[in-house]
Amino acid sequence: MSERSNRRILLIDDTQSIHVDFRKILTPTPEQTVELDEMEATLFGSDVKSASPLFELDSAFGGQEGLGKLKWALQENRPYALAFVDMRMPEGWDGAQTIEHLWQADPRLQVVVCTAYSDYSWDELLDRLQAHDRLLILKKPFDNIEVQQMANTLLTKWDMTERASVQMDHLGQMVERRTRQFTEASVELQREIDERKQLETQLVQSEKLASLGQLAAGVAHEINNPIGFISSNLGTLDGYFKQLQEMLDAYRDAEEAIGSNELIERLNQLRERVELEFLREDIPLLIKESKDGINRVGQIVKDLKDFSRVDSNQEWQWANLQQGIESTLNIVANELKYKADVLKEYQDLPDIECLPSQINQVIMNLIVNASQAIGPERGTLTLRTGVEAETVWIEVADTGSGIAPDSLQKIFDPFFTTKPVGQGTGLGLSLSYGIVKKHRGDITVRSEVGVGTTFRVELPIHQSKPLPPR
Ligand SMILES: Nc1ncnc2c1ncn2[C@@H]1O[C@H](COP(=O)(O)OP(=O)(O)OP(=O)(O)O)[C@@H](O)[C@H]1O
Ligand SMILES: [Mg+2]
């Protein structure tokens, strides 16, 4: 039997002599122990070694006193494992009531009812106490060995129940811990899955940009050449036409010197047929339109080149974004003033390491987009700036049309536009995305259809880790 096993017994009986008897049986003197061992050996065979354990016996002479002792023992963290309770106690609670109270205080307590006769039938008693598994009945007069073996067995039962309950608790805690670990692991897993998905999206986005970048660089290179000679030819053509005009003027002046009326008439007819005056006005206009057109193509090619970063001869420098925002606002002020009120919510910004003209281009794209998203009704454009740790952020918010959820994933794609042909190339945001990524920053968007859109650009203050102090 384990050393820690509970040997504590409470005897509740109003008869003094019963206490003396129990004490003799359960806490015998050494001589009595030998006697009991011999008795036990006769009963159970000669092999039985002295298992007479020492019991710790407490006495109570009524139900209330017994309950008091039980509660005190519980408080002291030395609970009783077993109580012998007399059934008939004329004063105070009888056995059944006593047991009810004892179990209310400590349901683990094993109980033996001792009685010669009872006021209840046994079935009644067992039903009333609802405890067929914690109650034994000991009928008087009882045998010593019977009492001792009952005590032994019930104490062991108490111990085993206790151990099982500790193990169950332990098991419960283990299950709880494992469940918690499992929940944490699955949350972590979900986070990783989300992160991976986001990374994949980013990867797809940058791959798309990279391959388009290469294509764009090639196309830009090829187109640049013809643009160059078309543009230069148009310039030359313009010059030639001016010379032709001069020549025509001279011919016209010379007409007066022609003597033949018939010839003059023919010239007049021809002039009317070819609409010479209209041609003289329209040809320069056509040349000018063609020049504008080819300039636009040139601008698109330049954007494509920027987008593909083929011309990366710009210098990284420390610059203040605030100035950039202000100068960009000035450039688009004309367009903005009829469409939106501009609100500025600025914080002081530190200088950041960047390619200022490119960042300005990003801000310009965002402001132009915002302005274009605001419909015929006057809206609001809010510009916000701020610093967070090692990052500077800019937000461009509008009260415009908003972006439909299925367009949201495409707005950074090159050539994605919802604007009519000729109004948008769909390069603004993909260019901006490329520029922000080049700065190792981030560009994100929040949008609600019919409410408005906010673009947020986050840029690190330092591009490279600062040198350690010398
Ligand atoms: N502030 C905004 N509000 C609503 N939609 C927007 C906003 N910004 C961008 N978009 C949507 O994203 C699309 C792509 O924008 P992006 O700037 O790349 O091209 P674009 O403005 O159409 O053409 P570009 O800028 O080349 O002239 C736009 O056509 C528009 O549908
Ligand atoms: Mg745009």
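Described below are features of the structure shown in this document. (Residues numbered from 1 in each chain as written. Chains lettered and ligands numbered in written order. Predicted model: local features only at pLDDT ≥ 70, side-chain atom pairs only at ≥ 80, totals over all residues. Heavy atoms only, no water.)

### Looking at unusual backbone geometry
Moving on, step 1. With an omega dihedral of -5°, the bond running from Lys 140 to Pro 141 counts as a cis peptide bond.
Moving on, step 2. Position of Pro 141 relative to the elements: it lies in the loop between β5 (135-139) and α6 (144-255).
Moving on, step 3. In this structure, Glu 275 takes a positive phi of about 50° despite not being glycine.
Moving on, step 4. With respect to the secondary-structure elements, Glu 275 resides in the loop between α7 (261-274) and α8 (276-308). (Helix = DSSP H or I, 4+ residues; strand = E, 2+ residues; numbered from the N terminus.)

### Here's the deal with empty space enclosed by the protein
Moving on, step 1. Within this structure, the stated rule accounts for one cavity of 30 Å³ or more.
Moving on, step 2. In this structure, the largest cavity encloses a volume near 50 Å³.
Moving on, step 3. Around the largest cavity sit Ile 359, Val 362, Ile 363, Leu 366, Ile 394, Glu 395, Val 396, Phe 455, Val 457 and Leu 459, which together line it.
Moving on, step 4. Elements with a minimum of two residues in the lining of the largest cavity: α10 (356-373), β10 (391-398) and β12 (452-460).
Moving on, step 5. Looking at which element gives the most residues to the lining of the largest cavity, the answer is α10, with four residues.
Moving on, step 6. Of the residues assigned to the lining of the largest cavity, the class counts are nine nonpolar, no polar and one charged. (1 Å grid on protein atoms, 1.4 Å probe; cavity = no way out; pocket = protein on both sides within 12 Å on 5 of 7 lines; lining within 4 Å. Points joined across faces, edges and corners; volume = space filled by probe spheres on them. Nonpolar A, V, L, I, M, F, W, Y, C, P; charged D, E, K, R; others polar.)

### Thoughts on the site of ligand 1
Moving on, step 1. In the neighbourhood of ligand 1, 22 residues make up the surrounding shell, with Asn 369, Thr 417, Thr 418, Lys 419 and Thr 425 lying closest.
Moving on, step 2. Between Asp 398 and ligand 1, the recorded distance is 2.8 Å, taken from a side-chain N or O atom to a nitrogen atom.
Moving on, step 3. Between ligand 1 and Thr 417 there is a distance of 2.5 Å, counted from an oxygen atom to a side-chain nitrogen or oxygen.
Moving on, step 4. Across the complex, the protein chains shield 91% of the 590 Å² of accessible surface that ligand 1 would expose by itself.
Moving on, step 5. Given that more than half its atoms are within 2 Å of the pocket grid, ligand 1 belongs to the largest pocket.
Moving on, step 6. When residues of the shell around ligand 1 are traced back to their parent elements, those giving at least two are α10, α12 (428-438) and β12.
Moving on, step 7. Counting residues per element, the shell around ligand 1 draws most heavily on α10, which supplies four residues. (Near = heavy atom within 4 Å. Polar contact = N/O pair within 3.5 Å; in protein donor to acceptor, adjacent residues only side chain to side chain. Areas by Shrake-Rupley, 256 points an atom, 1.4 Å probe, with all protein chains shown as cover. Sits in = over half its atoms within 2 Å of the grid points.)

### Observations concerning the sheet that holds β5
Moving on, step 1. In spatial order, the strands read β2-β1-β3-β4-β5; together these five strands make up an open sheet with parallel pairing. Single-partner strands in this sheet number two, and they are β2 (56-60) and β5. Strand-to-strand twist in this sheet, taken as the mean axis angle between neighbours without regard to direction, amounts to 20°.
Moving on, step 2. With five bridges joining them, strand β4 (residues 110-115) and β5 adopt parallel strand pairing. In the strand pairing of β5, Val 111 is matched with Leu 135.
Moving on, step 3. Relative to strand β1 (residues 8-12), helix α3 (residues 63-75) is tilted by about 160°, and along the sheet it contacts β1 and β2.
Moving on, step 4. Lying over the sheet, helix α5 (residues 122-129) contacts β4 and β5, oriented at roughly 150° with respect to β5. (Pairing = 2+ DSSP bridges. Axes fitted to C-alpha atoms, helices over the stretch in contact; angles between N-to-C directions. Contact = heavy atoms within 4.5 Å.)

### Let's talk about the packing of aromatic side chains
Two aromatic rings are characterised by how far apart their centres lie and by the angle between their planes.
Moving on, step 1. Enumeration according to the criterion identifies four aromatic pairs in this entry.
Moving on, step 2. Between the aromatic rings of Phe 412 and Tyr 433, the centroid separation amounts to 5.5 Å while the plane-to-plane angle is 50°, which identifies the pairing as tilted. One end of the pair, Phe 412, is in the loop between α11 (405-408) and α12; the other, Tyr 433, is in helix α12, with 21 residues separating them in the sequence. Here the two residues Phe 412 and Tyr 433 agree in accessibility, since each one is buried.
Moving on, step 3. Members of the aromatic cluster, connected to one another through ring pairs, are Phe 22, Phe 84 and Phe 142.
Moving on, step 4. The ring of Trp 103 has Arg 134 lying over it, and the distance from NZ or CZ to the ring centre is 4.2 Å.
Moving on, step 5. The ring of Trp 393 carries the charged tip of Arg 456 above its face, separated from the ring centre by 4.5 Å. (Phe/Tyr/Trp six-rings, centres within 6.5 Å; stacked < 30°, edge-to-face > 60°. Buried < 20%, exposed > 50% of the residue type's maximum accessible area, 1.4 Å probe, protein only. Lys NZ or Arg CZ within 6 Å of the ring centre and 35° of its normal.)

### Topic: the packing of helix α9 (residues 321-337) against α10
Moving on, step 1. α10 packs onto α9 with a crossing angle of 35° between their chain directions and a minimal axis gap of 9 Å. Seen from above, α9 lies across α10 with right-handed handedness. Where α9 abuts α10, its residues Leu 321, Gly 324, Ile 325, Thr 328, Leu 329, Ile 331, Val 332, Glu 335 and Leu 336 lie against Ile 359, Asn 360, Ile 363, Met 364, Ile 367, Val 368, Ser 371 and Gln 372.
Moving on, step 2. Classifying every residue of the contact of α9 with α10 gives eleven nonpolar, five polar and one charged. (Left-handed = near helix turned anticlockwise from the far one by under 90°.)

### Examining the sheet that holds strand β11 (residues 442-448)
Moving on, step 1. Overall, mixed pairing links the five strands, which are arranged β7-β9-β10-β12-β11 in an open sheet. The open sheet has two free edges, formed respectively by β7 (340-345) and β11, since each of these has just one partner strand. Averaged over all neighbouring strand pairs, the angle between strand axes comes to 15°, with direction disregarded.
Moving on, step 2. Lying on the sheet, α10 is in contact with β9 (379-388), β10, β11 and β12; it crosses β10 at an angle near 20°.
Moving on, step 3. Packing against the sheet, α12 makes contact with β11 and β12, and its axis sits at approximately 140° to β11.

### Some thoughts on a nonpolar patch on the surface
Moving on, step 1. A surface patch of nonpolar side chains, amounting to about 290 Å² of accessible area, comprises Leu 215, Val 219, Ile 223 and Val 297.
Moving on, step 2. It is α6 that provides the largest number of residues to the nonpolar patch, a total of three residues.
Moving on, step 3. Inspection of the secondary structure puts Val 219 in helix α6.
Moving on, step 4. The class of Val 219 is partly exposed, set by a relative accessible area of 34%. (Patch = residues over 30% accessible without salt bridge, like charges linked within 9 Å, V, L, I, M, F, W, Y side chains within 5 Å. Salt bridge = Lys/Arg side-chain N within 4 Å of Asp/Glu carboxyl O.)

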